[in-house]
Amino acid sequence: SQQSELDDLRCAVLGFGDSSYADFCGFARRLDERLTGLGAQLLAPRGSCEPDFEDAASAWLAAVAEELADGDVAPATPTPASPTWSRKNPLPTRLLESTRLTSGDPVSTGREVRRYAFELPADTLTYSAGDALGIWPRNRSAVVEEFLARTGLNSSATDDLINTLTGELDITAITPAVLRLIHAQHPGSGLGSLTDDPAALREYAHGRQLCDVLASYPVTVPAESWLEVLSPLRPRLYSISSSPLSDPGRVEITVSTVGFTSTEGHRRRGVSSGWLADLASGDEVRLFISPNRSFGPPEQADAPMIMIGPGTGIAPFRGFLQDRRHAGATGENWLFYGERHEATDFLYREELNGLRSDGTLTRLSTAFSRDTSERVYVQDRMRRHARELWEWIGRGAHLYVCGDAARMATDVDRTLRQIVAEQGAMDETAAGEFIAQLSAEKRYVRDVY
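Residues numbered from 1 in each chain as written. Predicted model: local features only at pLDDT ≥ 70, side-chain atom pairs only at ≥ 80, totals over all residues. Heavy atoms only, no water.

### Points about the sheet that holds strand S15 (residues 363-368)
Spatially, the five strands line up as an open sheet ordered S15-S14-S13-S16-S17, and their pairing is parallel. Of all the strands in the sheet, just S15 and strand S17 (444-448) have a single pairing partner and so form its edges. Between one strand axis and the next, the sheet turns by 10° as a mean value, whatever way the strands run. (Pairing = 2+ DSSP bridges. Helix = DSSP H or I, 4+ residues; strand = E, 2+ residues; numbered from the N terminus. Axes fitted to C-alpha atoms, helices over the stretch in contact; angles between N-to-C directions.)

### So, the environment of glutamate 224
Tracing the chain through its elements places glutamate 224 in helix H9 (residues 223-229). In sequence terms glutamate 224 and glutamate 119 are 105 residues apart; their C-alpha atoms lie 38 Å from each other.

### Digging into the pairing of strand S6 (residues 113-119)
With respect to burial, S6 is a largely interior element, six of its seven residues being buried. Sheet analysis places strand S5 (residues 91-100) next to S6, joined by five bridges and oriented antiparallel. Following the sheet pairing, arginine 100 is matched in S6 by arginine 114. As paired strands, S6 and strand S9 (residues 250-256) are joined by seven bridges and run antiparallel to one another. From the neighbouring strand, alanine 117 faces S9, where its bridge partner is glutamate 252. (Buried < 20%, exposed > 50% of the residue type's maximum accessible area, 1.4 Å probe, protein only.)

### With respect to helix H2 (residues 54-68)
For H2, with 15 residues, the first-to-last C-alpha span of 21 Å sits near the 21 Å given by 1.5 Å per residue. If you check which residues of H2 are buried, you get Ala57, Trp60, Val64 and Ala65. Here the buried residues of H2 occupy an arc of 135° about the axis, which is enough to place them on one side. What points out from H2, more than 90 degrees from its buried face, is the exposed set Asp55 and Glu66. (Expected span 1.5 Å × (residues − 1). Arc of directions from axis to C-beta.)

### Considerations on the packing of helix H11 (residues 315-327) against helix H13 (residues 349-357)
It is at 12 Å that the axes of H11 and H13 come closest, and there the two elements cross at 30°. Handedness of the crossing formed by H11 with H13: left-handed. Of the residues in H13, those touching H11 at Arg318, Leu321, Gln322 and Arg325 are Glu351, Leu352 and Leu355. (Left-handed = near helix turned anticlockwise from the far one by under 90°. Contact = heavy atoms within 4.5 Å.)

### Here's the deal with the packing of aromatic side chains
Summed over all chains, the structure comprises 13 aromatic pairs. Look at phenylalanine 320 and tyrosine 400: their rings are 5.2 Å apart centre to centre, the planes differ by 85°, and that puts the pair in the edge-to-face class. Of this pair, phenylalanine 320 sits in helix H11 while tyrosine 400 sits in strand S16 (residues 398-403), and the two are 80 residues apart along the sequence. Pair check on accessibility: phenylalanine 320 and tyrosine 400 agree, each one buried. (Phe/Tyr/Trp six-rings, centres within 6.5 Å; stacked < 30°, edge-to-face > 60°.)

### Re the sheet that holds strand S12 (residues 284-290)
Within a sheet, neighbouring strands are paired by backbone hydrogen bonds and run either parallel or antiparallel to one another. If you trace the six strands from one edge of the open sheet to the other, you get S8-S7-S12-S5-S6-S9, paired in antiparallel fashion. Here the strands that pair on one side only, and so sit at the sheet edges, are strand S8 (236-239) and S9. The mean inter-strand angle of the sheet, taken between neighbouring strand axes irrespective of direction, is 40°. As paired elements, strand S7 (residues 132-135) and S8 share four bridges and run antiparallel to each other. Note that in S8 the partner of leucine 133 across the bridge is tyrosine 238.

### Topic: the state of the cysteines
Under the defined criterion, the tally for this structure stands at zero disulfides. The cysteine cysteine 11 is free of any disulfide, with cysteine 25 supplying the nearest cysteine sulfur at 16 Å. (Disulfide = S-S within 2.5 Å.)

Shown next as structure tokens:
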């Protein structure tokens, strides 16, 4: 019968997620239920991991290994390398530079992009072009002050509580746990129904932070109640926009400062990007490296390279170009870059022009979508140069895409498939197989978010 289809299967499920979301490890839970429903035998109870997953994953792995042990043979327990500096033990260092790359008023234009440079003392962190930089953020003092005022804790807040709210807890996220706390004091608010509806919760939380909810639904509870429901602050990962070959003593990132007016009319900023924007040279930060071994410039010095990175998607490609220039790579380099306005949003304009002048950047194709009556994007520039793109691919070019996953990367992928089909005289299936082969050869790699 269907209920015994997997009687001979022994398995275990480990899920990764974030309990601040309503459907925490939902896929892992459903997979676990389906496998057991079909008769599979579980080696260990399902594991559910938070972003800080190491301890939970290690315990789950040990339980599975024990079940798999045969007789007196001790289970193999992998011992992961423990670098001195890591996510759990970040490097305390300092900000060297914070430079605004866009011009115009950030509020009216809705755009502020900054370049940050951090010090890497000798014998601390090392990285490669294409890696990501992990940053542990802190809540801005203005946000902490508003939270204390909204919760009525400002008159009794201790230094320990302020330090905890500043450096350890996320006091902006609207999570099921905090909504349940608010709903308990405002049962008629309807907020309780959002805790079991991930889609509705996402829609409600869009354009709001926790203090916006508290402005409409004040809550007066002891500080301990908030400490029980607030999620921990999480590190943010940013594509590194420099090369260690340029200067191993520093690392740089390119960050768009998130800013918006909430549904309730309050001006808000992103937790990490807003905190970074307030830092001054010399301020302390905590960093770690998140390696991305599948995303880096070609190993072959003479291989052509095509980079597609609109907006802050240009970040890793700045590092790629620095890397190839300092390594003396001879391969041609072609960058497709797009933004809204050339006059105010052209990131690294002078630097890119310098790279063109010295021969590092062979071609630069730009698309500034708001400077023309008809919107023009990087995929439109790709279509314009379809024949040349196909010729570069034929010469062994590596293609890289970085940026928005929801729209840009999807549109670029669709355009690339069309170009392959048209220029290579292939049908849709053959073009798809060609792209799949490029991916298998690591000649088509994406770093999207």
